[in-house]
Amino acid sequence: MARILRTACAQLGPINLVDDRKSVVARLIALLREAHGMGAKLAVFPELALTTFFPRYWYEDQAAIDGFFEAEMPGPETQPLFDEAAKLGIGFYLGYGELEQEGGTIRRFNTAILVGPDGKLIGKYRKIHLPGHVEHKPDAAFQHLEKRYFEPGNLGFQVWRAYDSALGMCICNDRRWVETYRVMGLQGVEMIALGYNTPSMTVPSDGVAHQQEPSHLRMFHHLLSLQAGAYQNATWVVASGKAGDEDGHNLIGGSAIVAPTGEIAARTLTEEDEVIVFDCDLDLCTFYKERVFNFARHRRPEHYGRITSQVGAEPPPE
Ligand code: ING
């Protein structure tokens, strides 16, 4: 009997600074209902799905920054989403800003959770690859302050037994790094859920002059990263974006469900709230895991040492 997991991308259109959590959670519930109506068992929401993409703004005041974080999950404003999930029997991936209070210390992460069809938490992931910069760039058209507002994730890349599958998570920039997929591939992952907020304009970086790459490359690199990661690790990849113009700052759409073949099985057409679903045949992973990407038969870790022993590149001497 084929293991089919009907999965949904639940893409969000823009969330502006004026949009409160109540209105956003209402949109998330509407998307969850739509996904359920299309027969999905799992819906993937974007990264930082409860607020505007606030790392684009410079804030001095920590209280203003903390207004974009959740001190509890679920909390009073998000509990209705969990209740609806349990009522309908559909689970979800949700990205949000996590504020963790441990004793006297506060820690802040760019976080995602996986919730089962019973509305209960299955697992948590904290974003490891944080792009952008730390210092204020007053001359830049917008900031990208994830390195300032979040700590790097400390939970690693885990894979959970869920939905009759082996399910992993990552967040946004993680999808550009081969290590993300391979660490989960080495745990037998069959579906990776991820959310993203990807500005159309090139994000500023520390220490280099700001240059704008051709805009068509934004979507190309987004899809290339998903397709390569899926194929090279024989896994489904379900990626949902927050899209559209948030207070005049555009985020790309292109939410997509990518098969272990590397092919795009479904993708969104708009930069609005939009649901797409696909019947993901989890046994398609097995075909590739037993053949071309049979890691046990083909990999040669004795030659891969640089991948974990080095951080930056070390070019050959002149
Ligand atoms: N956003 C972007 C992303 O990785 C980015 C940042 C865009 C980095 C393009 C490099 C190139 O999709 C987040 N939130 O990581």
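For the structure given in this document, a descriptive report is provided here. (Residues numbered from 1 in each chain as written. Predicted model: local features only at pLDDT ≥ 70, side-chain atom pairs only at ≥ 80, totals over all residues. Heavy atoms only, no water.)

## Here we look at the overall build of the chain
- Along its length, the chain carries 9 helices and 15 strands.
- Against the globule reference of 20 Å for 318 residues, the chain gives a C-alpha radius of gyration of 19 Å, in line with a compact fold.
- For the chain, the C-alpha atoms occupy an extent of roughly 65 × 55 × 45 Å along the three principal directions.
- Counting every position in the chain, which comprises 318 residues, the buried fraction comes to 52%.
- Here the contacts in the chain between residues at least 6 apart in sequence split such that 71% fall between residues at least 24 apart.
- In the form shown here, the chain has an accessible surface area of approximately 14300 Å², with 55% of it arising from carbon and sulfur atoms.
- When the 31 basic and 41 acidic side-chain charges of the chain are each reduced to a single mean position, those positions are 6 Å apart. (Helix = DSSP H or I, 4+ residues; strand = E, 2+ residues; numbered from the N terminus. Rg over C-alpha atoms; globule rule 2.2 N^0.38 Å. Buried < 20%, exposed > 50% of the residue type's maximum accessible area, 1.4 Å probe, protein only. Contact = heavy atoms within 4.5 Å. Areas by Shrake-Rupley, 256 points an atom, 1.4 Å probe, with all protein chains shown as cover. Lys, Arg positive; Asp, Glu negative; His and termini not counted. Charge placed at Lys NZ, Arg CZ, Asp CG, Glu CD.)

## Focus on the side chain of Ser255
- Along the chain, the position of Ser255 falls in the loop between β12 (249-251) and β13 (256-258).
- A polar contact is formed between the side chain of Ser255 and the backbone nitrogen of Gly241, at a distance of 2.9 Å.
- Excluding residues within four positions of it along the chain, Ser255 makes contact with Cys9, Gln11, Tyr196, Ala239, Ser240, Gly241, Ala266, Arg267, Thr268 and Ile276. (Polar contact = N/O pair within 3.5 Å; in protein donor to acceptor, adjacent residues only side chain to side chain.)

## Some remarks on the pattern of salt bridges
- Scanning all chains against the criterion turns up 20 salt bridges.
- Across the pair Glu98 and Arg126 runs a salt bridge, and its minimum N-O distance is 2.7 Å. Taken together, the residues Glu98 in strand β4 (residues 91-102) and Arg126 in strand β6 (residues 121-126) connect sequence positions 28 residues apart.
- Note on Glu98: relative accessible area 5%, which makes it buried. (Salt bridge = Lys/Arg side-chain N within 4 Å of Asp/Glu carboxyl O.)

## Brief notes about unusual backbone geometry
- With an omega of 0 degrees, the peptide bond between Met73 and Pro74 qualifies as cis.
- With respect to the helices and strands, Pro74 occurs in the loop between β3 (69-70) and α3 (79-88).
- Phi is positive for Leu48, which is not a glycine, with a value near 45 degrees.
- The backbone of Tyr163 sits at a positive phi, close to 55 degrees, despite the residue not being glycine.
- Taking the relative accessible area as the measure of exposure, Tyr163 reaches 15% and is therefore buried.

## Looking at the environment of Thr270
- Along the chain, the position of Thr270 falls in the loop between β14 (264-267) and β15 (274-281).
- Sequence spacing of Thr270 and Ser255 is 15 residues, and the spatial spacing of their C-alpha atoms is 9.3 Å.
- Leaving out residues up to four positions away in the same chain, Thr270 has contacts with Gln11 and Gly253.
- Looking at Thr270, its side chain comes within polar contact range of the side chain of Glu274, at 2.6 Å.

## Observations concerning the nonpolar core
- In terms of nonpolar packing, the biggest core is built from 44 residues, with Met191, Leu226, Trp236, Val237 and Ile257 touching the most fellow members.
- Formed by 26 residues, the second largest nonpolar core is a distinct cluster that contains Leu12, Ala43, Ala49 and Val275. (Core = buried A, V, L, I, M, F, W, Y, C linked by side-chain atoms within 4.5 Å.)

## Looking at the site of the ligand
- Residues in contact with the ligand amount to 13 residues; listed here are only the nearest, Glu146, Cys172, Asn173, Arg176 and Thr198.
- Between a nitrogen atom of the ligand and a side-chain N or O atom of Glu146, the distance comes to 2.8 Å.
- The contact in question runs from an oxygen atom of the ligand to an N or O atom on the side chain of Thr198, over 2.7 Å.
- Calculation on the ligand without its partners gives an accessible area of 370 Å², and the protein chains cover 89% of this total.
- Tallied by class, residues from the shell around the ligand come to 3 nonpolar, 4 polar and 6 charged. (Near = heavy atom within 4 Å. Nonpolar A, V, L, I, M, F, W, Y, C, P; charged D, E, K, R; others polar.)

## Considerations on the sheet that holds strand β8 (residues 165-171)
- Taken in spatial order, the 6 strands make up an open sheet running β7-β8-β9-β10-β13-β14, and their pairing is mixed. For this open sheet the edge positions go to β7 (159-162) and β14, each flanked by a neighbour on one side alone. Direction aside, neighbouring strands of the sheet carry axes that sit 20 degrees apart on average.
- Alignment of β8 against strand β9 (residues 191-196), held across 5 bridges, turns out to be parallel. Paired with Cys170 across the bridge in β9 is Leu194.
- Sitting on the sheet, helix α5 (residues 178-185) is in contact with β7, β8, β9 and β10 (236-241), with an inclination near 160 degrees to β8.
- This element, helix α6 (residues 216-232), spans β9, β10, β13 and β14 of the sheet and lies at about 30 degrees to β13. (Pairing = 2+ DSSP bridges. Axes fitted to C-alpha atoms, helices over the stretch in contact; angles between N-to-C directions.)

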